[in-house]
Amino acid sequence: MQEINKDTKFIELEKIIYNLVCELGCDIIKQILENQDKQLMDTRNKKEYRHKGYRKNTIKTVMGEVEYTRAIYLKDNKYMYLLDDTIEIATIGKISMNLAEIMLKTVVNTVSYRKGATEIQNTTNETISHQALNDLVWRVGKIIENKENEEIKLYRQNKLVKGTKEVPALFEEADGIWFNLQGKDRKEAKEKYKKECKKKNKEYNPNHKHKTELKLHVTYEGWNKDSNRHELVNKMFIAGMMTPDRLKKLRNARVFQKYNEETIQLRASNGDGARWIN
């Protein structure tokens, strides 16, 4: 603990106490987890769960890193942790869900991963590198993509639960924002462009800009006439760098799950005239 003396300013005192409380919180979580693990070990079915020693684990939380030890068991020729399953320790990699939520909210409000990492360090007691922040975004993106794939698949197989909400009209708008590709994506696009030029016998332009479009789609039931801002009612968003066909399938699946489509008398679409929107 940092020394506190008569010359310590309040802003420094506030940070010292905050760090101290966070460290105490991490110690409390560690004790609770290890005590719970011991209880599970003592009360388990010893024939079903064969004790195979201990493993250390670390979770990054909003209070800092929590390092604890828990027992590993062998059940049906598979290794598992009773503690993780019992108290539902949910993480993305080594990052707790609470910290992951803060990281994701921060990254969309900053201009770079480096600035996002600095902001997280200033608002929590955890140090996160810009690369770790980047990795988290890609991990969560993959989770969302897999969920959307499953949603589209179930819709195609007629296995989704049909929505029951009845509305007379449903409105939707779509638009796109173009971004310059960077890093690996830019290299891949550049190589693809070279091959296309060679195949079509066109002159290769080294200054050709390689871009991709972020497609945005919103569905809503109308707007609030009593508000000065006329807010949209029950907005449902879809966003991503995807093909128009995928966006359409995902839109259809979402609408099907929420509304009784047979009661919708008007479906109104709006856009800037782009061909993919039509």
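Below: a short report on this structure. These numbers were taken from a predicted model, which means no experiment stands behind them. (Residues numbered from 1 in each chain as written. Predicted model: local features only at pLDDT ≥ 70, side-chain atom pairs only at ≥ 80, totals over all residues. Heavy atoms only, no water.)

## Focus on the nonpolar core
Nonpolar side chains tend to gather and get buried jointly when the protein is soluble and globular. One finds Tyr49, Tyr68, Tyr73, Met80, Leu82 and Leu83 to be the most contacted residues of the largest nonpolar core, which totals 13 residues. Among the elements of the structure, helix H1 (10–43), strand E2 (64–75) and helix H2 (82–86) are those that each provide at least two residues to this core. What Tyr73 contacts, discounting residues up to four positions off in sequence, is Leu40, Met41, Arg44, Tyr49, Arg50, His51, Lys52, Lys78, Tyr79, Met80 and Leu82. Counting eleven residues, the second largest nonpolar core, distinct from the first, contains Val107, Ile120, Leu136 and Val140. (Core = buried A, V, L, I, M, F, W, Y, C linked by side-chain atoms within 4.5 Å. Buried < 20%, exposed > 50% of the residue type's maximum accessible area, 1.4 Å probe, protein only. Helix = DSSP H or I, 4+ residues; strand = E, 2+ residues; numbered from the N terminus. Contact = heavy atoms within 4.5 Å.)

## Focus: unusual backbone geometry
Even without being a glycine, Asn158 presents a positive backbone phi close to 60 degrees. Assignment of secondary structure puts Asn158 in the loop between helix H5 (130–156) and strand E6 (169–180). The exposure class assigned to Asn158 is exposed, which follows from its relative accessible area of 71%. Even without being glycine, Asn234 reaches a positive phi, approximately 50 degrees. Of note, Asn234 is situated in the loop between strand E7 (211–220) and strand E8 (236–240). Here Asn234 falls in the partly exposed class, since its relative accessible area comes to 35%.

## Some details on the pattern of salt bridges
In total, this model carries 19 salt bridges according to the counting rule given. A salt bridge links Glu34 to Lys30; the nearest nitrogen and oxygen atoms lie 3.0 Å apart. Taken together, the residues Glu34 and Lys30, both in helix H1 and four residues apart, mark about one turn of the helix. Assessed through its relative accessible area of 26%, Glu34 is described here as partly exposed. Residue Lys30 is classed as partly exposed on the basis of its relative accessible area, which comes to 30%. Arg70 is the partner of Asp84 in a salt bridge, and the nearest nitrogen-oxygen pair spans 3.2 Å. With Asp84 in helix H2 and Arg70 in strand E2, this pair connects stretches of sequence that are 14 residues apart. Asp84 gets classed as buried once you look at its relative accessible area, which sits at 19%. Its relative accessible area of 6% is what places Arg70 among the buried residues. When salt bridges with common partners are traced through the structure, they connect Glu148, Glu151, Arg246 and Arg254 into a single cluster. (Salt bridge = Lys/Arg side-chain N within 4 Å of Asp/Glu carboxyl O.)

## Quick notes on the packing of aromatic side chains
Aromatic rings in a pair are described by how distant their centres are and how their planes are angled relative to each other. The final tally for this structure, using the stated rule, is five aromatic pairs. Where Phe171 meets Trp223, the ring centres are 5.4 Å apart and the plane angle is 55 degrees; that geometry is what we call tilted. Residue Phe171 is found in strand E6, and its partner Trp223 is found in the loop between E7 and E8; the two are separated by 52 residues along the sequence. Accessibility expressed as a relative area gives 17% for Phe171, which makes it buried. Put simply, the rings of Phe171, Tyr220 and Trp223 pair up and form one aromatic cluster. When the ring centre of Tyr81 is taken as origin, the NZ or CZ atom of Arg70, which lies over that ring, is 3.6 Å away. Residue placement shows Lys215 over the ring face of Trp276; its charged tip is 5.3 Å from the ring centre. (Phe/Tyr/Trp six-rings, centres within 6.5 Å; stacked < 30°, edge-to-face > 60°. Lys NZ or Arg CZ within 6 Å of the ring centre and 35° of its normal.)

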